[in-house]
Amino acid sequence: MKNQFDLTGKVALITGASYGIGFAIAKAMAGAGATIVFNDIKQELVDKGLASYKEAGIEAHGYVCDVTDEEAVGNLIKTVTAEVGHINILVNNAGIIKRIPMCEMSAAQFRQVIDVDLNAPFIVAKAVIPDMIEQGGGKIINICSMMSELGRETVSAYAAAKGGLKMLTKNIASEYGQYNIQCNGIGPGYIATPQTAPLREVQPDGSKHPFDQFILAKTPANRWGEAEDLGGPAVFLASAASDFVNGHILYVDGGILAYIGKQP
Ligand code: NAP
Ligand code: GCO
């Protein structure tokens, strides 16, 4: 039987994938046979990423590109298509968070988060879709969040962006499904990466950060996720195994969204 999860011959562009979730997804896709292309905002991060891929035995192609810059993204897609090949899989992974109480947040700070977490996935998706249509199809995976569904103190811009990204996902699926393009989201739970490091810092007295304890209590799996937990779901959504899955958000959260919380 043909392996439905095989990505041999596919080119995958994963944004912001020098480390963290993007890197883990790229590693899983490379394991399934895909050629990996990634970008990051600075040359030093691309170099760091290239070294990590090499260490993992992966021959990745790294480029400097700010995903919020429409012209730079257009040039990136042209360059990748010429140097590596047609992009079959796009993972909109690059993202930022600002944890600031809403009434203390400036409009400029709010816009910056929306720009990276919502406008950029639109910019990159729209840059790859025409060629995917010409190639007969493609896969787009948007990295959403628990905050695509839930709110909490200090993350108004992030929640607005990730909620918007969920709906952009559904809209891309609706608009381009007829061209054999599947656009789905992955909603990671709380994953141990640099982005969440401030929430896991050990306290001066050696105890766990209160937020760390809060997340463990909210997660039936009773642990933080590892970036590697997202590899399998990403390969599924990038492969023929998910050819009739479209506009879906796959939450990979150890059960957070299913759980009312620990009884007192
Ligand atoms: P991370 O460790 O902060 O990595 C994000 C990457 O995106 C970094 O390499 C970052 O570069 C890059 N990036 C930021 N702005 C960019 C831009 N304008 N252009 C190009 N690259 C840019 O984050 P992560 O935890 O791996 O998260 C990856 C994605 O998953 C994000 O979309 C995040 O919101 C989402 N997510 C994370 C969690 C979690 O618990 N960690 C949960 C749900 C969803 P710099 O280092 O220069 O900033
Ligand atoms: C926060 C966290 C979250 C996670 C993630 C959850 O401050 O609440 O950073 O937003 O990063 O997106 O899925």
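Residues numbered from 1 in each chain as written. Chains lettered and ligands numbered in written order. Predicted model: local features only at pLDDT ≥ 70, side-chain atom pairs only at ≥ 80, totals over all residues. Heavy atoms only, no water.

Caption draft 1: Broad picture of the packing of helix α4 (residues 107–135) against helix α5 (residues 156–176). Direction vectors running N to C along α4 and α5 enclose 15 degrees, while the axes themselves pass 8 Å from each other. Relative to α5, the element α4 is oriented roughly parallel. In this structure, α4 meets α5 at a crossing whose hand is right-handed. Together, F110, V113, I114, D117, L118, P121, F122, A125, I129 and I133 of α4 and S156, A157, Y158, A160, A161, K162, G164, L165, L168, I172 and Y176 of α5 make up the contact between the two elements. Taken together, the residues of the contact of α4 with α5 break down into 17 nonpolar, two polar and two charged. (Axes fitted to C-alpha atoms, helices over the stretch in contact; angles between N-to-C directions. Helix = DSSP H or I, 4+ residues; strand = E, 2+ residues; numbered from the N terminus. Parallel < 35°, antiparallel > 145°, perpendicular 65-115°, else oblique. Left-handed = near helix turned anticlockwise from the far one by under 90°. Contact = heavy atoms within 4.5 Å. Nonpolar A, V, L, I, M, F, W, Y, C, P; charged D, E, K, R; others polar.)

Caption draft 2: Seen up close, the side chain of D212. The residue D212 is located in helix α6 (residues 210–218) in this model. Other than its neighbours up to four places away in sequence, D212 contacts L199, R200 and W224.

Caption draft 3: Broad picture of the site of ligand 1. The environment of ligand 1 is formed by 29 residues, the closest being Y19, D40, N93, Y158 and T193. At 2.5 Å, a side-chain N or O of Y19 approaches an oxygen atom of ligand 1. N93 places a main-chain nitrogen or oxygen 2.7 Å from an oxygen atom of ligand 1. Protein chains shield 91% of the accessible area of ligand 1, which is 880 Å² for the free molecule. Looking at the shell around ligand 1, the elements that each hand over two or more residues are α1 (20–31), β2 (35–40) and α5. Residues belonging to the shell around ligand 1 are distributed by class as follows: 16 nonpolar, nine polar and four charged. (Near = heavy atom within 4 Å. Polar contact = N/O pair within 3.5 Å; in protein donor to acceptor, adjacent residues only side chain to side chain. Areas by Shrake-Rupley, 256 points an atom, 1.4 Å probe, with all protein chains shown as cover.)

Caption draft 4: Quick peek at the state of the cysteines. Scanning the model with the defined rule gives zero disulfides in all. Free cysteine C65: the closest other cysteine sulfur is in C183, separated by 19 Å. Note on C144: no disulfide assigned, nearest cysteine sulfur contributed by C183 at a separation of 8.5 Å. A relative accessible area of 2% places C144 in the buried class. (Disulfide = S-S within 2.5 Å. Buried < 20%, exposed > 50% of the residue type's maximum accessible area, 1.4 Å probe, protein only.)

Caption draft 5: Spatial organisation of the nonpolar core. In terms of nonpolar packing, the biggest core is built from 32 residues, with M29, I36 and Y53 touching the most fellow members. Counting residues per element, the ones that place at least two in this core are β1 (11–15), α1, β2, α2 (43–55), β4 (89–92), β5 (138–143) and α7 (231–238). For this core, the element with the highest residue contribution is α1, accounting for seven residues. With near-sequence residues (within four places) excluded, Y53 lies in contact with A17, G22, F23, A26, I36, F38, I58 and A60. (Core = buried A, V, L, I, M, F, W, Y, C linked by side-chain atoms within 4.5 Å.)

Caption draft 6: The sheet that holds β1, seen in detail. In spatial order, the strands read β3-β2-β1-β4-β5-β6-β7; together these seven strands make up an open sheet with parallel pairing. Edge positions in the sheet fall to β3 (61–64) and β7 (249–252), since each of these pairs with one other strand and no more. Here the average twist between neighbouring strands, direction ignored, is 20 degrees. The sheet contact formed by β5 and strand β6 (residues 181–188) spans six bridges and is parallel. Looking at the pairing, I141 lines up with N184 of β6. Relative to the sheet, helix α3 (residues 70–83) contacts β1, β2 and β3, its axis offset from that of β3 by approximately 155 degrees. (Pairing = 2+ DSSP bridges.)

Caption draft 7: Structural view of the pattern of salt bridges. Counted according to the given criterion, the structure contains five salt bridges. With a closest N to O distance of 2.7 Å, K126 and E70 form a salt bridge. One end of the pair, K126, is in helix α4; the other, E70, is in helix α3, with 56 residues separating them in the sequence. Note that E149 and K166 form a salt bridge whose closest N and O atoms lie 3.3 Å from each other. Linking E149 in the loop between β5 and α5 with K166 in helix α5, this pair joins segments that are 17 residues apart in sequence. (Salt bridge = Lys/Arg side-chain N within 4 Å of Asp/Glu carboxyl O.)

Caption draft 8: Here's a closer look at the site of ligand 2. By nearness alone, 14 residues border ligand 2, and R99, R152, Y158, Y190 and Q195 come closest of all. In this structure, G189 approaches ligand 2 through a main-chain N or O atom, which is 3.3 Å from an oxygen atom. For ligand 2, the protein covers 97% of the area, taking 330 Å² as the surface of the free molecule. Residue classes in the shell around ligand 2 are distributed as eight nonpolar, four polar and two charged.

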